[in-house]
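Listed here are the chains, written in short residue letters.
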Amino acid sequence: MAQFRLHGTKVLAVTLSGGGDTVKAKNGSMVAYDGQMAFKKMTGGGEGIRGMVTRRLTGEQMTVMEVKGQGTCFFADRASDISLVRLNGEKLHVEASNLLCTDAGLHTGTSFTGLRGATQGNGLFTTAVEGTGEAALMSAGPAVLLRVSQGAPLQVDPGAYVAHQGNLRQSFQSGVNFRTFMGEGSGEAFQIRFEGDGLVYVQPSERNTVGGEL
Amino acid sequence: MTTDAPQVFDFTTLPANDNVNPYAFSVDLNGQWFLQKGKMIAYYGQIDFHGIGHGPLDRLVASSFHSPLHAADWVVAEGHGKLLLADRAFDVNSYDLDDGNLTVRSGNLLAYEPSLSLKQSIIPGFLTLIGTGKFVAASNGEVHFVEPPVRVDPQALVGWADCPSPCHHYDHQYLKGVMGGIRAMTGLGGASGEEHQFEFVGAGTVLIQSTEMLMADRNAGAVPDQAGVPGGGGHGGHGGQSGQGGQQTPQLPGQLGGLQRRFGL
């Protein structure tokens, strides 16, 4: 089983013990390694032809490589901050562009998340990570973990959303009204509303979204 | 700094009017706050965002918002809850003013309490906050506070408090002689890029950030095209008696421009 640990906040070190121990990582994110490593690009995120077509259609493309070997491999991407998430059979939803590395024990797929993605310009879908093992998420600035519980729903700016897990319902909240079209928009016209029980990862930065301009 | 269990925040454990981490600030909203667009990353509770110009906010805007040219960039958050603010993963800090004044680069100001009032500084691109209350501003890297007299690199300046005389300072060496003229005109040769600073004297505090990389400002807050308004007049020379207006007419290769004046030609 691959061992994930953080070196500082921006470098992920994964120790592989050989013998078919593998992880999937964002293509090109390896910065250094020791020991013996083999890198293999996985076409279509390693989800087969069907996964590849789905990803292409949904806009959740990710280029992933499979890392196999023995030793320690270091991953980093544009000095993004990294958070580790340990999964024991739960499901984690994450933006494909925020996923750095997953354990071989996790499988990834594409899931429909409703209208949220529309404001984000990267489709209506997120990547679902499921299984047992660790996953590493990237965020611009250290991610803030926010708990959603009954009676305390959370609203998140689509541009700051990174990932969520748990039993959450999400809905799309819009404050667009006639003022928006008169150039008096509030700039916070779209939010994703999370209700239920779970955790949401938010980054202290916003991607450019269509909604952000309204 | 390896934390095995990252801290999870919820509605009650989020700090009230304090930093969550160096890059995110939590406002305990109970009433109204002014907020620059796009700086809210998440919130708990019942909060509405109104564009400035929204009818019911007239009284609030009249008392605390005096920058019509920035109105399109600001909103009022109204309601109860916890509001998380952040800006492109830059450091954010809150500042308390006690019957004071502070001027800050307009792109760096995230939010402020309505007990403060926001005005445009006469220095273009800066906003001045006057009154008593809390505001949140971002900086690229940590903020350092220095006491005047001090000269600051233009790109590293975040803002200043109480200083009465922010002005430009040019090194004499840079302007001297024929080479200086050629440098000034063409930008070629011998320029270290540090010949121009902002100078502050008098009692006060100057805020600088630890990098010279500016945040991309929204191109907003142009000052009115009026005689006597520095930086005013989008169309060069239109400002009447403002011979030294903000805009310089572009120099043609044949013209000697500054050199001509220097040698009295």
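Provided above is the structure to which this section pertains.
Since this is a predicted model, take the numbers as computed values, not measurements. (Residues numbered from 1 in each chain as written. Chains lettered and ligands numbered in written order. Predicted model: local features only at pLDDT ≥ 70, side-chain atom pairs only at ≥ 80, totals over all residues. Heavy atoms only, no water.)

Draft legend 1. Region of the structure containing the packing of aromatic side chains. Residues and elements named next belong to chain B. In total, this model carries 12 aromatic pairs over all chains according to the counting rule given. Between Phe126 and Trp160 the ring centres are 5.1 Å apart and the planes differ by 50°, which places this aromatic pair in the tilted class. Placement of Phe126 in strand 10 (residues 126-139) and of Trp160 in strand 13 (residues 157-161) is noted, with a sequence separation of 34 residues between them. Here the two residues Phe126 and Trp160 agree in accessibility, since each one is buried. Members of the aromatic cluster, joined through ring pairs, are Phe34, Phe65, Trp74 and Tyr112. In this structure, Lys82 is placed above the aromatic ring of Phe11, and the distance from its NZ or CZ to the ring centre is 5.4 Å. (Phe/Tyr/Trp six-rings, centres within 6.5 Å; stacked < 30°, edge-to-face > 60°. Helix = DSSP H or I, 4+ residues; strand = E, 2+ residues; numbered from the N terminus. Buried < 20%, exposed > 50% of the residue type's maximum accessible area, 1.4 Å probe, protein only. Lys NZ or Arg CZ within 6 Å of the ring centre and 35° of its normal.)

Draft legend 2. How the structure looks around the interface of chain B and chain A. If you look at the interface, chain B gives 37 residues, while chain A gives 33 residues. Around 2,700 Å² of area is buried between chain B and chain A when both sides are counted, 57% of it from carbon and sulfur atoms. By the criterion of area lost to chain A, the three top residues of chain B are Ile41, Tyr43 and Tyr44 of chain B, representing 21% of everything that side buries. On inspection of chain B and its partner chain A, the count reaches 0 salt bridges. Across the contact surface, chain B and chain A share 7 residue pairs in polar contact (both at pLDDT 80 or more). (Contact = heavy atoms within 4.5 Å. Buried area = accessible area lost by both parts, 1.4 Å probe. Salt bridge = Lys/Arg side-chain N within 4 Å of Asp/Glu carboxyl O. Polar contact = N/O pair within 3.5 Å; in protein donor to acceptor, adjacent residues only side chain to side chain.)

Draft legend 3. Region of the structure containing the pairing of strand 3 (residues 24-36) of chain B. Residues and elements named next belong to chain B. Pairing between strand 2 (residues 18-21) and strand 3: 3 bridges, direction antiparallel. Along strand 3, the bridge assignment pairs Asn19 with Phe25. If you look at the hairpin formed by strand 2 and strand 3, you'll find 2 residues sitting between the two strands. Strand direction decides the pairing type here: strand 3 and strand 8 (residues 109-112), joined by 2 bridges, are antiparallel. Pairing of Leu35 across the sheet is with Ala111, part of strand 8. (Pairing = 2+ DSSP bridges.)

Draft legend 4. Up close: the pattern of salt bridges. Summed over all chains, the structure comprises 8 salt bridges over all chains. The shortest N-O distance in the salt bridge between Glu134 of chain A and Arg86 of chain A comes to 3.7 Å. Taken as a pair, Glu134 of chain A in strand 8 (residues 125-139) and Arg86 of chain A in strand 5 (residues 81-94) lie far apart in primary sequence, 48 residues in all. Note that Arg88 of chain B is salt-bridged to Asp87 of chain B, the shortest N-O span being 2.8 Å. The exposure class of Arg88 of chain B is partly exposed, given its relative accessible area of 30%. On the accessibility criterion, Asp87 of chain B (2% relative accessible area) is buried. One salt-bridge network, in which partners are shared between bridges, spans Lys39, Asp87 and Arg88 of chain B.

Draft legend 5. Representation of the environment of Leu129 of chain B in the model. All names here are of chain B. Here Leu129 lies in strand 10. In this structure, the C-alpha to C-alpha distance between Leu129 and Asn101, residues 28 residues apart in sequence, is 5.5 Å. Those residues in contact with Leu129 that lie beyond four places of it in its chain are Leu97, Gly100, Asn101, Leu102, Leu109, Tyr112, Leu116, Ser117, Leu118 and Phe135.

These values are about where atoms sit, not about what they do.
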